[in-house]
Amino acid sequence: MPAQDLPYRKRPESADVPHAARVRPPSAAPRPPATAVHPPRGPARETLPPPRPCRGTRPGTVLALMTADCLATGGAVLLLLGPGTAPALLGALLPLLLALHTHAGLYRPGPAPAALGDLPALLGRAAVCWCAAAALLAGVRPERALPPALLATAVAAHTVLACYGRATVYRARRNLARRRPRAALIVGTDPAARQLAGVLLGHPEYGLEPVGLVTPASMLPAPPGPAGAALPLPRLGSPQDIARAVIRHTVRDVVFTVSPYADPHTAALLRSFVDQGSAVWLAGAAAAREGNPPHRETDHLQGFACRRLDTGPPRHGSRVKRTLDVVVAVALLPAVAPLLLGCALVVRLADGPGVLHRQERVGRGGRTFTLLTFRTARSRVGRLLARTSLAGLPQLWNVLRGDLSLVGPRPERPGAVQQLVQRHPEYAARLRMPPGLTGLAQVHARRGGTSTEDRVRLDNLYIDSWSLWQDLRLVLRTAGSLFRVGGR
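So, a few notes on the structure that sits alongside this text. (Residues numbered from 1 in each chain as written. Predicted model: local features only at pLDDT ≥ 70, side-chain atom pairs only at ≥ 80, totals over all residues. Heavy atoms only, no water.)

**Details of the overall build of the protein chain**
Then step 1. Helices and strands together make up the secondary structure of the protein chain, namely 16 helices and 11 strands.
Then step 2. Evaluated residue by residue, the protein chain yields a buried proportion of 46% over its 488 residues.
Then step 3. A fraction of 77% describes how many contacts in the protein chain between residues 6 or more apart in sequence connect residues 24 or more apart.
Then step 4. In the structure as shown, the protein chain presents an accessible area of about 24700 Å², 61% of it carried by carbon and sulfur atoms. (Helix = DSSP H or I, 4+ residues; strand = E, 2+ residues; numbered from the N terminus. Buried < 20%, exposed > 50% of the residue type's maximum accessible area, 1.4 Å probe, protein only. Contact = heavy atoms within 4.5 Å. Areas by Shrake-Rupley, 256 points an atom, 1.4 Å probe, with all protein chains shown as cover.)

Written out as structure tokens, the structure reads:
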């Protein structure tokens, strides 16, 4: 499936109108040419929209829950200790309490949260915070030390108030979910996928409204049962169909009823949705952890176990990576300028005019660009430049322009990309990041032959686990073999 970073160009509104309705009568005056921006050249023209912040939790829910916890804490302090001790104790309680709740995920509720479900976590963290604050208060002002009975009463009162506040927030959240449900895609096979879709459509308080069923290419869909046949949900198979559904319905959530790591096809779907910014939920059998039964505190949707998949935001390091590319390219170009001129002169004397060879390659987002190298095919001098990697020195200009990065997947020809995208489901995910002069797959290729599947796996691993140190390490390893015979 194409990577979500690939830019999407919205079609004119007339693109959704049947062809017959768009035919102009003979007497109609010709329309002026459209000024819409066309998609960039390249093999991947339709894909998921650019990344956006994950909307798994409604923005107001987090703020409302934090406010409820603050009010519960302040209410317990004022009710039991009075205004004299409140400022000092609140200053110690609130930061610790908010930090513990954030770490425990209490501000990221599932689709069907309940205040009683939060009770054990609230009670335990309230006890920890009150004990810590009481110890601090006793150390600073011993005359105000809290007796054990009062401390236990404070913990209980705090927990009750926190539960009441959260119940109020959850009730308002359910009412809002009924009025404004979020569009969702369900990934899986029948009958589980359609049964879950029926549950979500019949219970709008969950806040997820299915708009399509996605079946991974590796899984043949089973015929829907009588109950599923009544659901007016389209079956989305191709990346283009998924992209159109995401754009049309503003999809924010994706529910997997099969393991997203089951095979390369589901893994490609997961990577695309995560990079696009969707919240990912696991439901049914997919909610089990490492093959074990669902945890006893797992949320559920009318019997379908459900939990959020903690994926985290994409770490492609666009700004930091681009800064490193520019700094290194600006520093290297003057340093290697004499070498560039010398190589150009040698090629000119040996092969005649035209020292540069221009090749069309596919870059980030499916855009094509012109890759520059010294001409190496006509003479022994050119072959020597190719064997010593000096032929690729003009590519520093591509790095400065932004066509290439220092580290990234190997740039390929458009025709090869079209074939590889069809044969390898995860190949298009390489286009999330600009291609590079070197990369994890290129470094491993020097140790021996690597298959296309190995290169795809290495490239996607590099993108998924990107870090600045990894880039610096790969650059240093490549620099050590720059003049090695047979190096790239």
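**A closer look at unusual backbone geometry**
Then step 1. Here the bond from D190 into P191 is cis, since omega is 5 degrees, no more than 30 degrees from zero.
Then step 2. Among the structural elements, P191 can be located in the loop between β1 (182–187) and α6 (192–202).
Then step 3. Of note in this structure, T250 is not a glycine but carries a positive phi near 55 degrees.
Then step 4. With respect to the element layout, T250 can be found in the loop between α8 (239–249) and β4 (253–256).
Then step 5. In this structure T250 comes out as partly exposed when scored by relative accessible area, which is 38%.
Then step 6. With a phi angle near 50 degrees, Q302 is a residue other than glycine that sits in the positive phi range.
Then step 7. Of note, Q302 is situated in the loop between β6 (299–301) and β7 (304–308).
Then step 8. Judged by relative accessible area, which is 44%, Q302 ranks as partly exposed.

**Concerning the nonpolar core**
Then step 1. In terms of nonpolar packing, the biggest core is built from 30 residues, with F374, L385 and Y462 touching the most fellow members.
Then step 2. For this core, the secondary structure elements donating two or more residues are α10 (318–351), β9 (368–374), α12 (395–401), β10 (405–407), α14 (440–445) and α15 (452–464).
Then step 3. Looking at this core element by element, the count peaks at 7 residues for α10.
Then step 4. With 22 residues, the next largest nonpolar core counts A245, F256, V274 and L309 among its residues. (Core = buried A, V, L, I, M, F, W, Y, C linked by side-chain atoms within 4.5 Å.)

**Remarks on the packing of helix α4 (residues 115–140) against helix α5 (residues 148–179)**
Then step 1. Look at α4 against α5: their axes get within 9 Å of each other, and the N-to-C directions meet at 140 degrees. Between α4 and α5, the angle is such that the two are oblique. Considering how the two elements wind past one another, α4 and α5 form a crossing that is right-handed. Each of A115, D118, L119, L122, L123, A126, A127, W130, C131 and A134 in α4 lies in contact with α5, whose residues at this interface are L151, A154, V155, H158, T159, A162, C163, R166, A167 and Y170. (Axes fitted to C-alpha atoms, helices over the stretch in contact; angles between N-to-C directions. Parallel < 35°, antiparallel > 145°, perpendicular 65-115°, else oblique. Left-handed = near helix turned anticlockwise from the far one by under 90°.)

**Things to note about the sheet that holds strand β3 (residues 235–236)**
Then step 1. Taken in spatial order, the 7 strands of this open sheet run β3-β2-β1-β4-β5-β7-β6, and their pairing is mixed. Strands at the two margins of the open sheet, each flanked by one partner only, are β3 and β6.
Then step 2. Strand direction decides the pairing type here: β1 and β4, joined by 4 bridges, are parallel. When the bridges of β4 are listed, I186 appears paired with V255.
Then step 3. Each of β1, β2 (208–214), β3, β4, β5 (279–283), β6 and β7 is contacted by α6, which is oriented at about 160 degrees to β2, the strand it contacts most. (Pairing = 2+ DSSP bridges.)

**A few points about the side chain of K321**
Then step 1. By the element assignment, K321 lies in helix α10.
Then step 2. For K321, a relative accessible area of 4% puts it in the buried group.
Then step 3. Polar side-chain contacts of K321 include one of 2.7 Å to the backbone oxygen of V407. (Polar contact = N/O pair within 3.5 Å; in protein donor to acceptor, adjacent residues only side chain to side chain.)

**Some words on the side chain of R166**
Then step 1. Examined against the element boundaries, R166 turns out to sit in helix α5.
Then step 2. If sequence neighbours within four positions are ignored, R166 has contacts with L65, A68, D69, H101, L106, Y107, A115, D118 and L122.

**Examining the pairing of β7**
Then step 1. Of all 5 residues that make up β7, 5 are buried, and the element is covered over most of its length.
Then step 2. Of the two faces of β7, the one holding F304, C306 and R308 and the one holding A305 and R307 are both buried throughout.
Then step 3. As judged from the 3 bridges shared by β5 and β7, these two strands associate in the antiparallel manner. Looking at β7, one finds that A283 is bridged to C306.
Then step 4. Across 3 bridges, β6 lies against β7 in antiparallel orientation. When the bridges of β7 are listed, L301 appears paired with F304.
Then step 5. Where β6 folds back on β7, the antiparallel hairpin that results is connected by 2 residues, among which Q302 adopts a positive phi of roughly 50 degrees.

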